Amino acid sequence: MQAPLLELGAFAELCSQTLKASAYPLAHRVEKNVLLYDSDEIRSGLSSASFQQALKQELAHVLQQGSGVFVLQNAFADQAVIARMNEVFEAIFVQEADKASGDHFAKAGANGRIWNALQKSALIDPAAFVEYYKNPLLLLASEAWLGPHYQMTTQVNVVRPGGQAQAPHRDYHLGFQEQNELARYPLHTHLMSTQLTLQGAVAHTDMPLESGPTLLLPFSQQYALGYFAWRDPAFKAYFDEHAIQLALKQGDALFFNPALFHAAGNNYTQDFHRSANLLQVSSAFGRSMEQIDRYAMTHALYPALQKEWAHLNEWERDAVLSSACEGYSFPTNLDSDPPLSGLAPQTMKQLTAQALQDGLAVETFKQQLQQHAQQRLA
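It should be emphasised that the depicted structure is a prediction, and the values quoted were computed from it without experimental measurement.

Novice: Can you lay out the environment of G66 for me, pointing to particular residues and giving the numbers?
Specialist: Counting through the fold element by element, G66 comes out in the loop between helix 3 (49-64) and strand 3 (69-73). It is 47 Å that separates the C-alpha atoms of G66 and V362, two residues lying 296 residues apart in sequence. Excluding its chain neighbours within four sequence positions, the residues that come into contact with G66 are L19, Y24, H61, F219, Q221 and Q222.

Following this line, the structure appears as structure tokens:
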């Protein structure tokens, strides 16, 4: 397709909408066109299948047809879980002290960044990983937008005192393409791209407004030409004038459509390090941005999972395995990994769940995991 004619007026009209709270009866309240949910109420309702379905429908609706963003307040009720993972992140920062880490939308080195924090944290402290990623709210939010078998990836971002804001942008997939490359994709793929990932951030510190929580432009994900528009100076100026920020508490979780115009804000404080675990969750039908060795992760996590398995409920089991394992059967080698009992071969997630159910020894599971990996190779 040719680079299109951008219409700031049409964009502004979309972004001038007001979110109707009545359309989202399960939300606690609306603030600055952002839905806020009480996570305690969600946790108490998880035993009801009708509640689960209604909530997922609400979340999907606001991401696509609403303002494009919601917050699960107090998503991590146990602050000790956040504190323990912060210790893991700090250990990784120490290990990587001499490593340069870039930022797609800010000056390299301006912020603290841990790429592939998911795998690194699993290998450093498997027990901390299990405690953190067993959170069923991560599962619920991810499945509401992407369905089952999603792929979790995470990156830690610490904005230091005086840290500068990112440029406003859209995110992966097409948000990471240059303008000339964007024009090679037909418009329907621009619309499809928004449904292949879910962006999230868990607040690992309190985030008062002066510390620069994420700037968001509600409803901007609805503009079909937004992947072309976010670099345009007029659209950037509109963002600067109309973007909103929400103060978050440690343990809150923010989720938004990857097509929402957004940017990390300026940290105006003198001594406050704002920290978030950024979640980039990919559909089973898409490619994740980061390469994750899920076999290494699952092998490292298995003893910790064995220890906790009997104490985890169904939601927690599903949540932690969904974050760690590959839950989708494809791509694979259908000669050596044939679908013997259905349309699709056994997944790593299914293998791991069965091993935990059967109480397989660590060495036996390791052998099964290695065999599973080998038979999928071309």
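Novice: So what's going on with the packing of helix 12 (residues 294-308) against helix 15 (residues 362-375)? Which residues, and what values?
Specialist: Running from N to C, helix 12 and helix 15 cross one another at 155 degrees; their axes reach a closest spacing of 11 Å. One element, helix 12, and the other, helix 15, form an angle in the roughly antiparallel class. The handedness of the crossing between helix 12 and helix 15 comes out as right-handed. Contact with helix 12, carried on its side by Y295, T298, H299, Y302, P303 and Q306, involves V362, F365, K366, L369, H372 and A373 of helix 15 and no other residues of that element.

Novice: Describe the pairing of strand 3, with residues and values.
Specialist: The buried fraction of strand 3 amounts to four of the five residues, a majority that puts the element mostly inside the structure. Taken together, the four bridges between strand 2 (residues 34-38) and strand 3 define a ladder with parallel strand orientation. Bridge pairing in strand 3 links L35 to F70. Where strand 3 meets strand 8 (residues 253-256), four bridges bridge the pair, whose relative direction is antiparallel. Across the sheet, F70 pairs through a bridge with F255, a residue of strand 8.

Novice: Talk me through the sheet that holds strand 6 (residues 197-203); I want residue IDs and the actual numbers.
Specialist: Read from one edge of the open sheet, eight strands run 1-2-3-8-6-10-5-4, paired in mixed fashion. Pairing within the sheet leaves two strands with one partner each, and these edge strands are strand 1 (29-31) and strand 4 (111-114). Each adjacent strand pair in this sheet contributes to an overall mean axis angle of 25 degrees, direction not counted. Contacts between helix 4 (residues 79-95) and the sheet are confined to strand 4, strand 5 (151-159), strand 6 and strand 10 (274-282), with strand 4 contributing the most and set at about 95 degrees to the helix.

Novice: Outline the nonpolar core, listing residues and values.
Specialist: Grouped together as the largest cluster of nonpolar side chains are 71 residues, with contacts concentrated most on Y37, I42, F70, L72, F129 and F255. Counting residues per element, this core draws most heavily on helix 7 (residues 136-146), which supplies eight residues. Excluding residues within four positions of it along the chain, F70 makes contact with V34, L35, Y37, L59, V62, L63, A141, A253, L254 and F255.

Novice: Any details on the packing of aromatic side chains? Residues and values, ideally.
Specialist: Throughout the structure, instances matching the rule amount to 14 aromatic pairs. The interplanar angle of 70 degrees and the centroid separation of 5.6 Å between the aromatic rings of F11 and Y238 together place this pair among those described as edge-to-face. Here F11 is found in helix 1 (residues 8-15), whereas its partner Y238 is found in helix 11 (residues 233-242), with 227 residues between them in sequence. An identical accessibility class is assigned to F11 and Y238; each is buried. Clustering of aromatic rings is evident, with ring pairs tying together F11, Y223, F235, Y238 and F261.

The rules behind the values
Residues numbered from 1 in each chain as written. Predicted model: local features only at pLDDT ≥ 70, side-chain atom pairs only at ≥ 80, totals over all residues. Heavy atoms only, no water. Helix = DSSP H or I, 4+ residues; strand = E, 2+ residues; numbered from the N terminus. Contact = heavy atoms within 4.5 Å. Axes fitted to C-alpha atoms, helices over the stretch in contact; angles between N-to-C directions. Parallel < 35°, antiparallel > 145°, perpendicular 65-115°, else oblique. Left-handed = near helix turned anticlockwise from the far one by under 90°. Buried < 20%, exposed > 50% of the residue type's maximum accessible area, 1.4 Å probe, protein only. Pairing = 2+ DSSP bridges. Core = buried A, V, L, I, M, F, W, Y, C linked by side-chain atoms within 4.5 Å. Phe/Tyr/Trp six-rings, centres within 6.5 Å; stacked < 30°, edge-to-face > 60°.

What is shown is where atoms sit, not what they do.
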